[in-house]
Amino acid sequence: EEKSGEKVSEAKAIKLYGQVPPIEKMDASLSSLTNCEKLSLSTNCIEKIAGLNGLKNLRILSLGRNNIKALTGLVGYV
């Protein structure tokens, strides 16, 4: 919000890649991103895919360079 002036809840593209400190988990706070079409969480320390239920407009999910151990939690997105 500070950089673009756009409310996070209204943004269509969210870029949270390479965060310092790194993001370690996906949680229910992602459900507030109701308009998000592209979510980039690459280059963090995420181990489990979660919190995507509220992202009805999500088209692109980028999770490269994380610590994901299994592809679960993607029902309805594949």
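Residues numbered from 1 in each chain as written. Predicted model: local features only at pLDDT ≥ 70, side-chain atom pairs only at ≥ 80, totals over all residues. Heavy atoms only, no water.

(A) Here's a closer look at the nonpolar core. Core analysis: the biggest nonpolar cluster contains 14 residues, and Met26, Leu33 and Leu39 have the highest contact counts within it. Apart from the residues within four sequence positions on either side, Leu33 is in contact with Val8, Ile14, Leu39 and Leu55. (Core = buried A, V, L, I, M, F, W, Y, C linked by side-chain atoms within 4.5 Å. Buried < 20%, exposed > 50% of the residue type's maximum accessible area, 1.4 Å probe, protein only. Contact = heavy atoms within 4.5 Å.)

(B) The pattern of salt bridges, seen in detail. Inspection of the entire model under this criterion finds one salt bridge. The residue Lys12 makes a salt bridge to Glu37 at a minimum N-O spacing of 3.8 Å. In this pair, Lys12 is assigned in the segment before β1 (13-15) and Glu37 in the loop between β1 and β2 (38-40), connecting sequence segments 25 residues apart. Here Glu37 falls in the partly exposed class, since its relative accessible area comes to 34%. (Salt bridge = Lys/Arg side-chain N within 4 Å of Asp/Glu carboxyl O. Helix = DSSP H or I, 4+ residues; strand = E, 2+ residues; numbered from the N terminus.)

(C) Seen up close, unusual backbone geometry. Val20 connects to Pro21 through a cis peptide bond whose omega is -5°. Tracing the chain through its elements places Pro21 in the loop between β1 and β2. Although it is not a glycine, Thr43 sits at a positive phi angle of roughly 55°. Examined against the element boundaries, Thr43 turns out to sit in the loop between β2 and β3 (60-62). Residue Arg65 is not a glycine yet carries a positive backbone phi of 60°. Here Arg65 shows up in the segment after β3.

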